[in-house]
2 protein chains.
Amino acid sequence: MSPKITVELLRQLRQAMRNTKYIAEPIQAYIVPSGDAHQSENLAPCDCRREFICGFNGSAGTAIVTEKHAAMWTDGRYFLQASQQMDNNWTLMKMGLKETLSQEDWLISVLPENSKVGVDPWIIAADQWKNMSKALASAGHSLVAVQDNLIDAIWMDRPTRPSTQLLTLGLGFTGLTWQDKMTALRSKMAERKISWFVATALDEIAWLFNLRGSDIEYDPVFFAYAIVGMNTIRLFVDIKRLAVPTVREHLQLDTPSKAELSVQTAPYESVFTELQAVCASLGPKEKVWISDKASCALTQVIPKAHRSLIPYTPLCLAKAVKNATEIQGMKMAHIKDAVALCELFAWLEKEIPKGTVTEISAADKAEELRSQQKDFVGLSFPSISSVGPNGAIIHYKPLPETNRTLSLNEIYLLDSGAQYIDGTTDVTRTMHFGSPSAYEKETFTYVLKGHIAVSAAIFPNGTKGHLLDSFARQALWESGLDYLHGTGHGVGCFLNVHEGPCGISYKTFADEPLEAGMIVSDEPGYYEDGLFGIRIENVVLVVPAKPKYNYRNKGSLTFEPLTLVPIQAKMVNTDLLTQKERDWVNEYHRQCRETIGAELERQGRKEALDWLIRETQPIA
Amino acid sequence: MSPKITVELLRQLRQAMRNTKYIAEPIQAYIVPSGDAHQSENLAPCDCRREFICGFNGSAGTAIVTEKHAAMWTDGRYFLQASQQMDNNWTLMKMGLKETLSQEDWLISVLPENSKVGVDPWIIAADQWKNMSKALASAGHSLVAVQDNLIDAIWMDRPTRPSTQLLTLGLGFTGLTWQDKMTALRSKMAERKISWFVATALDEIAWLFNLRGSDIEYDPVFFAYAIVGMNTIRLFVDIKRLAVPTVREHLQLDTPSKAELSVQTAPYESVFTELQAVCASLGPKEKVWISDKASCALTQVIPKAHRSLIPYTPLCLAKAVKNATEIQGMKMAHIKDAVALCELFAWLEKEIPKGTVTEISAADKAEELRSQQKDFVGLSFPSISSVGPNGAIIHYKPLPETNRTLSLNEIYLLDSGAQYIDGTTDVTRTMHFGSPSAYEKETFTYVLKGHIAVSAAIFPNGTKGHLLDSFARQALWESGLDYLHGTGHGVGCFLNVHEGPCGISYKTFADEPLEAGMIVSDEPGYYEDGLFGIRIENVVLVVPAKPKYNYRNKGSLTFEPLTLVPIQAKMVNTDLLTQKERDWVNEYHRQCRETIGAELERQGRKEALDWLIRETQPIA
């Protein structure tokens, strides 16, 4: 991986920072956050501005360029990758280390007095703007909104914004019509005396309208905004996309319907002026809901007295609790996904001894096998296909220059998933195709104990996910080991593979209480730098549990695995498992054999079936 | 318990709310928080204003009186007690229930337009002021500081502020001179470029100066403020207290010392004007540290540009990590405390069958036995001595009208502790002097499993206490049970029995990472309303652990019990314990027998020694 050469780009950007074509007065620093106008985690190519300016293409990072300096902040997952992708015009700011200055403190330390710091208000969240603005003001500087994005100004061959075909989802996939969802949203609004709701997150808009797109790789979403009032629905989207009859019919654009359920469409870009118009007509006590993660540009359109910022929108919360149809779809998707993986692992077992399978070809094979399954749409994230030491790089993605060959001597970790029209998958299995060492088995077993501790946990209704995180670590901690990432994230239903507002992490922000119907991942790991990585990940469904007692009638919850792919028994040191844990493994494998076995049989995939039967023998 | 009759008091208070002697314009509501000017948890009688106005004397609660309404907010621990202590002029606002309005929302719902809400700025924290002020402003009301406390104005026989004798602590108890502590504080200030530090918490001031008082029952503190600059130390305290030669010498008030270590003393009340003077002389970039929990009155003296609010002061953090001398003192205190409790339990065993021991007399006996131990100062909190159903009231304190007799048929829960000059104790044991039922044993055993899970936990350096909380609940959760309080709190060394900034709770605020030398309680419980309460509490010391591996050289920690009082084996269903848990109990009892046995022998307390030996037999 060679770094991007940025000398000329930085020269041009600094020129733009002084150019009165873009700003009234020169700015002394320019902030390039990594998000798009919707605070998406994954980005369309046209929004990869931070990557364009510094070369680093990880999912999280903020670049800041001053007249003399250029610095980029990212977290521990990306220290190595960022240092390889950036040239020496850039200083890597390692977040999470004590000695690393925050963006604010760094700016204050390098800026001349009374500096102006610019940022595109569309790609910075309102709360980030507020914090940054306050910190700069306290040191005599000011944060200014630069309406023309300065990266776009110097980005000659910048791709255009995608406008892919929209897919309509019927009741069989969604369980609720978009009209039902609209009614539910409005009743939440009425409950809190809210007149308008501005939807800015792409997955929330896709979920609300039962529409999908493919504007962003891996995420089945499309660029749009929505503004919902008690009698009005406005959808802002590239109008060309609405020419398709199925979409017009789905949204009932041409058929008369009840006024409050008629969708007014407008161009994507017009959201700003339309929101201004809505706000101009507000009565004195009317309130507008908008996410506190929405862009500063849009948030500030709403006068403060009318603005009601919310950490989680009612759509985010409603979307997280899957209905019966969505749960059924997720189960189907996971069965198909398991079929593909059983085939893959059976194939790998045969092919690896030949020395011809690499990280890249194994990932490609997995994609090929998944694509044979019904309603396959694409991958849900870039496959982490990693051999030996590459497995210790938590967000590894094989590249030609790092591509290792799978062998009988090294651990193979595959973290992969797909989008099917009925659901989204995300599964990690760690396997050894030769003879694992005692240490590899020992650490794998600790990770397995942690995985089981979460999966089998029984906990009261209303428990937040962060309270379960330590269960996943207990066995590792007892041996002085740990892993430096969270244990689980919310998973969408044919939507983003990472979604809020629930999860399982030692970090306690973004953490709404778990409730039946939510779907999260359970993925503890262990990473030995330079040697191997271990992770065992299932997607699990929150379900009611029925323990012996029911304290204060609160009710209890537990998890049901949706992922049904065998966990390699060869990697387990069964002496380290309790009887309860052995029972869990055997019961899990019984389910895999029963459910996936039946589907493999139906699909006539004999070799994979043999592999499955062998891999699900009870352990003693 | 009969409620306090408040008709007349409320009439007088409402009169004062309109009286221009106290306020320029009438106020429509008056807030009576439960704190004193130092945000102490326990209060001197002169500061029990909320109790005076409404009758409720629990540790947490806020009263608000408007022209027509009177309401009092408290949490789940106190719902029953508050409802019994308040007459029907008061509405009990049950915090934590979904339907309960917050103070802000309630005020907004009952106040006429453009109302003024008054509060004494000395007993509301700056952050609480800010939040309340903002919420009221958003609804067109305003929060106003009422300098004369309106409760004091109507409180005819209000006690005077205590000014007890000061006790000086030598190096043998503190391990560090106050001069050393001052130097350490200043180096923290220099590190963060802070010119002044304002100390407002009474335990921090007592710790800093190696002085103790008895102004507040149970807390060995004295009313004072301190302002520390790089070359200045100002102590604000009732000047009469400084007439004692030992105190003068301890503080070196009469002996010339280095200028930067010479203590200037001033009257307690003069802190306001002195802080004003300090702030008037500040250079443009100078900063003043003050706790974000300090009073609004004092915080607002510091101009915003110079104010640096901190969640935990350097004193709070330094005090939490005990040095070798303090640890040794805490161990000694716990040995003496265990001696007293072994005697108590041996005595109870003999006396209970006679039917003459009550909750109150048992608590008195415990105090009498503790008072026979060396350097006993007093109790560290009101003893929770509770029989049968009273045990389910988590913060129960026996009163003549609730006093039950100990018997062979009901569980007895004793949560008690003492202040010794060398340390502070806090221990809970739950015992049955007859034959416990299978259900009592079952739930006791789940609580014990939780206690052990925390006590024996091994976890990485830097782990916050809230990540251990679920370990204490896991066994209860598996059976559908839980307890509605945190698992542990920081414990001072001959200081407050509750102290920050560490603890073990599902609540994640006020939670600094655990480090070796910190001391916390480990006290899971189970409460069956109307039947019994179970709690097992040890005070434990955070110590380094040496597990098999050492991931990233981070090091590991675990706990060492300081409390050494047998856990009643009769209450344990050993079938529910793992071998590891049985080993833990037997090893714990071995330590009790060895350490406390030796001291009982030394003190010639034969009966208690026999009891200890019998109660520490290994379980099978």
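Reading the values: rules and limits
- Residues numbered from 1 in each chain as written.
- Chains lettered and ligands numbered in written order.
- Predicted model: local features only at pLDDT ≥ 70, side-chain atom pairs only at ≥ 80, totals over all residues.
- Heavy atoms only, no water.
- Least-squares fit on C-alpha atoms with pLDDT ≥ 70 in both.
- Contact = heavy atoms within 4.5 Å.
- Helix = DSSP H or I, 4+ residues; strand = E, 2+ residues; numbered from the N terminus.
- Expected span 1.5 Å × (residues − 1).
- Buried < 20%, exposed > 50% of the residue type's maximum accessible area, 1.4 Å probe, protein only.
- Polar contact = N/O pair within 3.5 Å; in protein donor to acceptor, adjacent residues only side chain to side chain.
- Axes fitted to C-alpha atoms, helices over the stretch in contact; angles between N-to-C directions.
- Nonpolar A, V, L, I, M, F, W, Y, C, P; charged D, E, K, R; others polar.
- UniProt positions renumbered as here; feature names shortened; annotations may be inferred.
- Pairing = 2+ DSSP bridges.

Going by the annotation in an unreviewed UniProt entry, the name recorded for chain A is Xaa-Pro aminopeptidase 1, with Salmo salar given as the source organism.

### Overview of the relation of the copies chain A and chain B
Between chain A and chain B, the superposition needs a rotation of 180° and an axial shift of 0.2 Å, giving an RMSD of 0.1 Å. Such a combination of turn and shift is consistent with a two-fold rotation axis. Every residue of chain A has its C-alpha some distance from the rotation axis, and the shortest such distance is that of Leu 467 of chain A, at 3.4 Å. Take the interface residues of chain A: 100% of them recur as interface residues in chain B, which is what a same-surface contact looks like.

### Overview of helix 14 (residues 324–351) of chain B
All names here are of chain B. In this model helix 14 runs 40 Å from its N-terminal to its C-terminal C-alpha over 28 residues, within 8% of the 40 Å that 1.5 Å per residue would give. Of all the 28 residues making up helix 14, 20 are buried; the element is thus mostly covered by neighbouring parts of the structure. Of the residues flanking the start of helix 14, the one acting as N-cap is Asn 323, its side-chain oxygen 3.1 Å from the backbone nitrogen of Thr 325.

### Things to note about the packing of helix 8 (residues 178–191) of chain A against helix 9 (residues 202–209) of chain A
Residue and element names in this part refer to chain A. At a minimum axis separation of 7 Å, helix 8 and helix 9 run at an interaxial angle of 115°. Taking contact as the criterion, the partners of Trp 178, Lys 181 and Met 182 in helix 8 are, on helix 9, Trp 207, Leu 208 and Phe 209. When its residues are assigned to classes, the contact of helix 8 with helix 9 shows 5 nonpolar, no polar and 1 charged.

### Comments concerning the UniProt feature "domain: Peptidase M24 C-terminal" (unreviewed entry) in chain A
With numbering matched to this structure, UniProt assigns "domain: Peptidase M24 C-terminal" (unreviewed entry) to residues 557–619 of chain A. In the segment residues 557–619 of chain A, helix accounts for 54% and strand for 8%; the C-alpha atoms at its two ends are 27 Å apart.

### Structural notes on the environment of Pro 400 of chain B
Assignment of secondary structure puts Pro 400 of chain B in the loop between strand 16 (384–387) and strand 17 (411–416). Spatially, the C-alpha atoms of Pro 400 of chain B and Trp 73 of chain B are 26 Å apart, while their sequence positions differ by 327 residues.

### Here's the deal with the environment of Pro 45 of chain B
All names here are of chain B. Considering the arrangement of structural elements, one finds Pro 45 in the loop between strand 1 (29–32) and helix 2 (49–54). In this structure the C-alpha to C-alpha distance between Pro 45 and Arg 161, which are 116 residues apart in sequence, comes to 8.0 Å. Those residues within four positions of Pro 45 in sequence are excluded, and the remaining contacts are Trp 155 and Pro 159.

### Examining the sheet that holds strand 3 (residues 70–74) of chain A
Residues and elements named next belong to chain A. The 6 strands are arranged 4-3-2-1-5-6 in an open sheet whose pairing can be described as mixed. Looking at strand neighbours, the two that pair on one side only are strand 4 (91–94) and strand 6 (142–145), the edges of this open sheet. In this sheet, neighbouring strand axes are inclined to one another by 25° on average, regardless of whether the strands run parallel or antiparallel. Relative to strand 3, strand 2 (residues 62–66) runs antiparallel, the two being bridged by 4 bridges.

### Examining the side chain of Lys 336 of chain A
Residue and element names in this part refer to chain A. Position of Lys 336 relative to the elements: it lies in helix 14 (residues 324–351). Side chain to side chain, Lys 336 and Asp 422 meet in a polar contact 3.0 Å long. Not counting residues up to four positions away in its chain, the partners in contact with Lys 336 are Gln 373, Lys 374, Asp 375, Tyr 420 and Asp 422.

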